[in-house]
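Structural features, examined
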Amino acid sequence: MKKKIKNLFTLILLFLFIILKNNLVLADQIENYIEPEKQSNFDYGKSKRRSSETQIIVTANDYASEVGEKILDKGGNVADATVAIQLTLGLVEPQSSGIGGGTFITYYDNTKKKVFFYDGREKAPQNINQNIFLKNDGSKKKFFDAAVGGQSVGVPGTLEAIFKFHSDYGILKWKDIIEPVIDLAEKGFHPPPRLLNALNKDKFLFNINKNFLFNGVTNNPKKKIFNHEYSKTLKKISKDYRVFYEGSIARNITKKVGEYKNNNSLSESDLKNFSIKKKDALCFLLPSKVKICGPNLPSSGTICIVQVLKIIDYIKKNKEIELSDILDILDFVYYLREQFLADDTFVRVNIEKLTNIDFLIEGFSKYKAKKKSFLAEEILNSTSHFSVVDKFNNVVSVTSSIESTFGSRLFVNGFFLNNQLTDFSFKSINKNKSLIKNRVQGGKKPLSSMSPLIIFDPDNKFLMSIGSPGGKAIISYVSRVLIDYFYLNKTLATSIKSPNYIKINGLVFLEDNSLKTELNLKSKVTSLTSGIAIIVKKKEKFYGFADHRRDGTVR
Ligand code: GLU
């Protein structure tokens with residue numbers, strides 16, 4: 001009998017040890033992904049807050065804000081400014097976004113009073129191997145084994161998106177908009193703090209790229225960087241942007257991807273066939289009659305944020321909202337995302353049902369009863385968000401990304417190629433043997449969390465533009481500010497500076513110890529480096545806010 005009890009006791013101990021160990025590994029994994037770049041408080045001498053009655057620009061870097069301002073001052077509109085800002089970000093913030101990556105543009109056309117979006121998300125090569133992110137034994141590759149090198153590179157959509165947006169709406173000539181960026185690439189720029197920080201920390205970049213533009217930069221941070229390759233690329237693009245999709249640049253991209261393994265079959269015809277069109281934005285009316293618009297799938301951002309706000313709105317009727325409620329709602333919404341959302345040209349997604357309040361409330365109470373914890377995936381922290389209002393009161397909200405910091409690390413013709421295909425689920429089949437919606441398929445776009453939103457007041461007048469980088473955490477960052485503003489009576493200035501939080505796969509991460517006192521939950525404090533950019537309109541005046549955690553400015 002004694003022996004039996006002893007055995008049982010040993011078994012229980014073993015069981016507890018395994019659970020504890022798994023949780024620690026999981027927490028460590030997520031934390032790694034959450035904290036690729038520490039926050040930077042460098043001030044370019046420009047404000048993080050500004051107001052204006054005519055035009056306003058918020059970007060992640062002052063070189064980009066400045067170029068955007070010049071374009072608007074020359075008589076350009078938000079479409080012109082978007083081209084100049086994005087191409088400048090690709091130069092001065094190359095670790096986050098650029099023509100080697102993908103972009104979602106949400107646009108409010110003030111003449112037609114309509115909201116559109118351009119889906120410049122990367123596409124998987126047509127002949128991709130669906131097991132590309134699996135090891136020979138069928139288990140998942142480690143994130144950086146998958147991300148670094150050629151296998152994670154999707155067909156870049158950013159250039160196609162900004163070109164289409166400009167040809168639909170631009171006023172200034174394409175060539176004239178690109179000129180100041182060519183100038184900056186040739187005259188050089190001082191490496192911004194976040195670029196220096198990223199160069200300092202990256203473990204892969206300098207092994208893959210020999211004789212590299214960024215060699216020695218961190219030893220000489222005051223010296224200017226001259227990206228002549230990028231200026232050559234821009235000169236070609238300013239004559240004919242198709243050179244990127246079916247000319248010498250397309251050839252260089254496929255060659256580079258081929259050189260750095262692995263079984264990625266990115267071909268010249270994948271690039272040639274990439275094309276996008278303007279689409280109606282996805283808009284939802286909240287019970288308060290506030291309207292939220294943003295990109296549709298393959299971004300989950302608009303859908304998930306609306307799900308969060310609808311549940312908050314419902315709960316708020318019966319009780320005060322507490323942080324623990326918000327965290328549970330986020331966790332539930334991430335679960336729905338995982339289960340139901342993917343590129344809807346490949347899988348059926350019932351958005352109406354997924355955003356229906358009865359469905360959400362029923363699902364949320366079941367979730368709460370089960371308190372299930374789900375396996376974590378990557379939360380990355382690169383990407384860039386910017387927003388512009390022009391003197392015609394058109395608005396643009398843009399989130400742009402090469403995914404991980406420096407993307408695939410492959411550098412070609414002066415820019416980095418993305419690793420966006422790692423946003424697919426690495427496995428195709430669930431534990432219960434059903435197909436995973438966001439699995440790798442040829443010609444499909446990986447599910448995104450990017451959330452460039454434009455929000456309207458109950459009179460259907462422009463109220464706010466908002467977005468952030470942060471991978472899956474974007475949904476939490478943007479939701480937090482909107483909850484603060486719409487439901488907790490916080491000003492935007494206070495909210496943007498308040499600590500971030502996220503609950504995903506049952507695990508809670510907080511930016512600040514102060515939040516711990518509000519919670520009776522196991523949680524981990526870590527840096528959650530959002531890069532929120534907001535423009536809000538109040539009494540005929542625009543107010544811009546840039547996140548203090550990154551290098552952004554308002555002009
Ligand atoms: N790849 C992410 C997405 O599209 C963005 C990466 C980031 O924000 O760091 O959801």
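It should be noted that the structure appears before, not after, this text.
Only a predicted model underlies this, so the values are computations on that prediction, with no experimental measurement involved.

Okay, the pairing of strand S4 (residues 114-120) next. Of all seven residues in S4, six are buried; the element is thus mostly enclosed. Relative to S4, strand S3 (residues 102-109) is paired through seven bridges, and the arrangement is antiparallel. Each residue of the ladder has a partner; that of Asp109, found in S4, is Lys114. As consecutive antiparallel partners, S3 and S4 are separated by four residues, and within that stretch Lys113 has a phi angle of approximately 55 degrees, a positive value. In the sheet, S4 pairs with strand S5 (residues 278-280) via three bridges, with the strands oriented antiparallel. Bridge pairing links Phe116 to Asp280 in S5.

What follows deals with the packing of aromatic side chains. Taken as a whole and assessed by the stated rule, the structure comprises 28 aromatic pairs. A centroid spacing of 4.4 Å and a plane angle of 55 degrees characterise the contact between Tyr107 and Tyr169, whose relative ring orientation is tilted. Here Tyr107, found in strand S3, pairs with Tyr169, found in helix H5 (residues 158-169); they are 62 residues apart in sequence, far enough to count as distant. Since its relative accessible area comes to 16%, Tyr169 is described here as buried. Considering the side-chain rings of Tyr241 and Tyr245, the 6.1 Å spacing of their centres and the 70 degrees angle between planes classify their relative orientation as edge-to-face. The exposure class of Tyr245 is buried, given its relative accessible area of 0%. Within the aromatic cluster, the residues linked to one another by ring pairs are Phe163, Trp174, Tyr241, Phe244, Tyr245, Phe274 and Phe415.

Turning our eyes to something else, we now look at helix H9 (residues 228-239). Relative to the 16 Å expected for twelve residues at 1.5 Å per residue, H9 spans 17 Å between its end C-alpha atoms, a close match to the ideal helical length. Within H9 the residues assigned to the buried category are Tyr230, Ser231, Thr233, Leu234, Ile237 and Ser238. Axial view of H9: buried residues confined to an arc of 160 degrees, hence all on one face. For H9, the exposed residues set more than 90 degrees away from the buried face come down to Lys232 and Lys239. Buried residues in H9 make contact with helix H3 (78-92), H5, helix H6 (174-187), helix H10 (243-246), helix H11 (248-259) and strand S11 (415-416).

Neighbouring residues of the ligand: 16 residues in total, closest Thr383, Glu403, Gln420, Asp423 and Gly471. In this structure, Arg121 approaches the ligand through a side-chain N or O atom, which is 2.9 Å from an oxygen atom. Here a nitrogen atom of the ligand and a side-chain polar atom of Gln420 are 2.6 Å apart. Protein burial of the ligand: of its 300 Å² of free accessible surface, 98% is covered by the chains. Taken together, the residues of the shell around the ligand sort by class into four nonpolar, nine polar and three charged.

Rules used throughout
- Residues numbered from 1 in each chain as written.
- Predicted model: local features only at pLDDT ≥ 70, side-chain atom pairs only at ≥ 80, totals over all residues.
- Heavy atoms only, no water.
- Buried < 20%, exposed > 50% of the residue type's maximum accessible area, 1.4 Å probe, protein only.
- Helix = DSSP H or I, 4+ residues; strand = E, 2+ residues; numbered from the N terminus.
- Pairing = 2+ DSSP bridges.
- Phe/Tyr/Trp six-rings, centres within 6.5 Å; stacked < 30°, edge-to-face > 60°.
- Expected span 1.5 Å × (residues − 1).
- Arc of directions from axis to C-beta.
- Contact = heavy atoms within 4.5 Å.
- Near = heavy atom within 4 Å.
- Polar contact = N/O pair within 3.5 Å; in protein donor to acceptor, adjacent residues only side chain to side chain.
- Areas by Shrake-Rupley, 256 points an atom, 1.4 Å probe, with all protein chains shown as cover.
- Nonpolar A, V, L, I, M, F, W, Y, C, P; charged D, E, K, R; others polar.

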